[in-house]
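A look at the structure
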Amino acid sequence: MNPQAKLIFITSLLLGTTITISSNHWVMAWIGLEINTLAILPLISKSHHPRAIEAATKYFLVQATASTLVLFSSMTNAWYTGQWDITQLTHPASSLILTAAISMKLGLVPFHFWFPEVLQGSPLITGLLLSTAMKFPPITLLYMTSLSLNPTLLTTLAVLSVAMGGWMGLNQTQVRKIMAFSSISHLGWMAIILIYYPKLTLLNFYLYAMMTAAVFLTLNSMKVLNLSTLMTAWTKAPALSTILLLTLLSLAGLPPLTGFLPKWLIIQELTKQDMAPAAIIISLLSLLGLFFYLRLAYCATITLPPHTTNHMKQWRTNKPVSPSIAILTTLSIMLLPTSPMLTTII
């Protein structure tokens, strides 16, 4: 892709995100979401492969539908209350439509079907943007309207997302699809606590984005797209394989790694809110996700493939690990001791 074109698209992404997260008026938030959608489409379809074009088409249709619902929800609210302010979403029908629209934008169950397909058709770096940066504006809209949302509906969507994200990721062999189902599962954890402790949702999102960025950049550096390639990648980059192992275990939420922190705080807060059954259910369902993270981690660090693969062993290179991967991995592994400081901040 032309560097100037890429610069325009990345700038547009930043612009769209900034407009949405800093707006008070629903129309401005909608404009930001539209700019974001239009800017990411060329980045998805830049390889001109039929699968990439299909992914871009699916993404466009789903996001256009969700944006229409966002506009419809805000217009309904304005019709009944005379308010265009984002924080004044008081009409029940409007809040239900908005929850559906944002769930569609994020890929929460039952509106998740597009996300694994789109991620599978995108390059790894575009997949990273779709999994992190593109989720930020919708999450900020949920954060701003959290007082008006229906707790039962959000809890149901959250539990279903954690269940489906873990369950459907079990039999995948494509790394991008596994990361898509991982994202759906993490979104469930964010959604369940949104109404009770909105700042904890944002903290969870920041930590999730950091860990996911570390995984995607490592996979991109190793040029890995499926599990069979991952099995032979240790010969090429043993340091990166070790980094990937630790980051995946952190993403799974195992102590004493960073990924344990948001899960621990969310379970604690749910228990305080007399929602111990929901906390138990999502904790048990996250074991499904742990299985496929362990599978990925096993494939990343295995030194002898259990069966003959069609991939040739690759020469080991002395290429140094990228500083961005090193920094993100360090943060993804070692932030748990800072939890007292983070809890006082939020």
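As the structure is a computational prediction, the values presented were derived from the model and not from experiment.

Now for the UniProt feature "transmembrane region" (unreviewed entry) in the protein chain. In this structure's numbering, the residues bearing the UniProt feature "transmembrane region" (unreviewed entry) are residues 59-80, 92-115, 152-171, 178-197, 203-225, 237-258, 278-304 and 325-345. Secondary structure across residues 152-171 divides into 85% helix and 0% strand, with the first and last C-alpha atoms of the span separated by 30 Å. Span residues 237-258 is 68% helix and 0% strand, its end C-alpha atoms 24 Å apart.

Each aromatic ring pair is described using two quantities: the centre-to-centre distance and the angle formed by the ring planes. Enumeration over the complete set of coordinates arrives at 8 aromatic pairs. Between tryptophan 114 and phenylalanine 115, the ring centres sit 5.3 Å apart and the planes meet at 70 degrees, which makes this aromatic pair edge-to-face. The class of tryptophan 114 is buried, set by a relative accessible area of 8%. Taking the centre distance of 5.6 Å and the plane angle of 10 degrees together, the rings of phenylalanine 136 and phenylalanine 205 count as stacked. Of the two residues, phenylalanine 136 is situated in helix α7 (residues 136-144) and phenylalanine 205 in helix α10 (residues 198-222); the sequence distance between them amounts to 69 residues. Among the aromatic side chains, those forming a connected cluster through ring pairs are Phe136, Phe205, Tyr206 and Tyr208. Above the plane of the ring of phenylalanine 115 lies lysine 135, whose end atom (NZ or CZ) is 3.5 Å from the centre.

Moving on: helix α12 (residues 238-252). Helix length check: α12 (15 residues) gives 21 Å between terminal C-alpha atoms against 21 Å at 1.5 Å per residue, within 8%. Contacts made by the buried residues of α12 are with α9 (175-193), α10, α11 (227-231), α13 (260-272), α14 (276-301) and α15 (323-334). Glycine 253 occupies a position one or two residues after α12 and carries a positive phi of about 90 degrees.

What follows deals with a nonpolar patch on the surface. Side chains of Leu38, Phe60 and Leu61 sit close together on the surface and give an oily, nonpolar patch of about 300 Å² of accessible area. With respect to the element layout, phenylalanine 60 can be found in helix α3 (residues 50-81).

On to the environment of threonine 37. You can see threonine 37 is positioned in helix α2 (residues 26-44). Of the residues examined, threonine 37 reaches a relative accessible area of 5% and is grouped as buried. Sequence-wise, threonine 37 and threonine 229 are 192 residues apart; in three dimensions their C-alpha atoms are separated by 32 Å. Excluding its chain neighbours within four sequence positions, the residues that come into contact with threonine 37 are Tyr59, Gln63, Lys105 and Met134.

With that out of the way, let us pick up the domain arrangement of the protein chain. For the protein chain, the domain assignment lists domain 1 (1-122) and domain 2 (150-345). Taking only C-alpha atoms, the centre of domain 1 and the centre of domain 2 are 24 Å apart. Counting residues at the interface gives 15 residues for domain 1 and 20 residues for domain 2. Interface of domain 1 and domain 2: buried area, both sides summed, is about 1,500 Å²; carbon and sulfur atoms make up 73% of it. Summed over the three residues of domain 1 that lose the most area to domain 2, namely Leu108, Val109 and Gln120, the buried surface amounts to 37% of that side. Counting across the interface, domain 1 meets domain 2 through 1 salt bridge. Note that lysine 177 is salt-bridged to glutamate 117, the shortest N-O span being 3.4 Å. In this assembly, domain 1 and domain 2 are joined by 5 residue pairs in polar contact (both at pLDDT 80 or more). At 5 residues, helix α5 (residues 114-120) tops the list of elements feeding residues into the side of domain 1 that touches domain 2. Across the side of domain 1 that touches domain 2, the residue classes tally to 8 nonpolar, 6 polar and 1 charged.

Here we come to the UniProt feature "domain: NADH:quinone oxidoreductase/Mrp antiporter transmembrane" (unreviewed entry) in the protein chain. Per the UniProt entry, the sites bearing "domain: NADH:quinone oxidoreductase/Mrp antiporter transmembrane" (unreviewed entry) are residues 23-288 in this numbering. Segment residues 23-288 splits into 74% helix and 0% strand. End C-alpha atoms: 38 Å apart.

Here helix α4 (residues 92-106) spans 21 Å end to end across 15 residues, near enough to the 21 Å set by a 1.5 Å rise per residue. Residues Ser94, Ser95, Ile97, Leu98, Thr99, Ala101, Ile102, Ser103, Met104, Lys105 and Leu106 constitute the buried set of α4. Its buried side turned inward, α4 meets α2, α3, α5, α7, α8 (151-168) and α9. Where α4 ends, the next residue or the one after it, glycine 107, has phi of about 95 degrees, a positive value.

Below, the discussion takes up the pattern of salt bridges. If the charged atoms of two oppositely charged side chains come close together, the side chains can form a pair. Applying the stated criterion across every chain yields a total of 3 salt bridges. Between glutamate 117 and lysine 58 there is a salt bridge, with its nearest N and O atoms 3.9 Å apart. Placement of glutamate 117 in helix α5 and of lysine 58 in helix α3 is noted, with a sequence separation of 59 residues between them. On the accessibility criterion, glutamate 117 (29% relative accessible area) is partly exposed. If you follow the salt bridges from partner to partner, you end up with Glu54, Lys58, Glu117 and Lys177 in one network.

Cut-offs and rules
Residues numbered from 1 in each chain as written. Predicted model: local features only at pLDDT ≥ 70, side-chain atom pairs only at ≥ 80, totals over all residues. Heavy atoms only, no water. UniProt positions renumbered as here; feature names shortened; annotations may be inferred. Helix = DSSP H or I, 4+ residues; strand = E, 2+ residues; numbered from the N terminus. Phe/Tyr/Trp six-rings, centres within 6.5 Å; stacked < 30°, edge-to-face > 60°. Buried < 20%, exposed > 50% of the residue type's maximum accessible area, 1.4 Å probe, protein only. Lys NZ or Arg CZ within 6 Å of the ring centre and 35° of its normal. Expected span 1.5 Å × (residues − 1). Contact = heavy atoms within 4.5 Å. Patch = residues over 30% accessible without salt bridge, like charges linked within 9 Å, V, L, I, M, F, W, Y side chains within 5 Å. Areas by Shrake-Rupley, 256 points an atom, 1.4 Å probe, with all protein chains shown as cover. Salt bridge = Lys/Arg side-chain N within 4 Å of Asp/Glu carboxyl O. Domains from an automatic or database assignment. Buried area = accessible area lost by both parts, 1.4 Å probe. Polar contact = N/O pair within 3.5 Å; in protein donor to acceptor, adjacent residues only side chain to side chain. Nonpolar A, V, L, I, M, F, W, Y, C, P; charged D, E, K, R; others polar.

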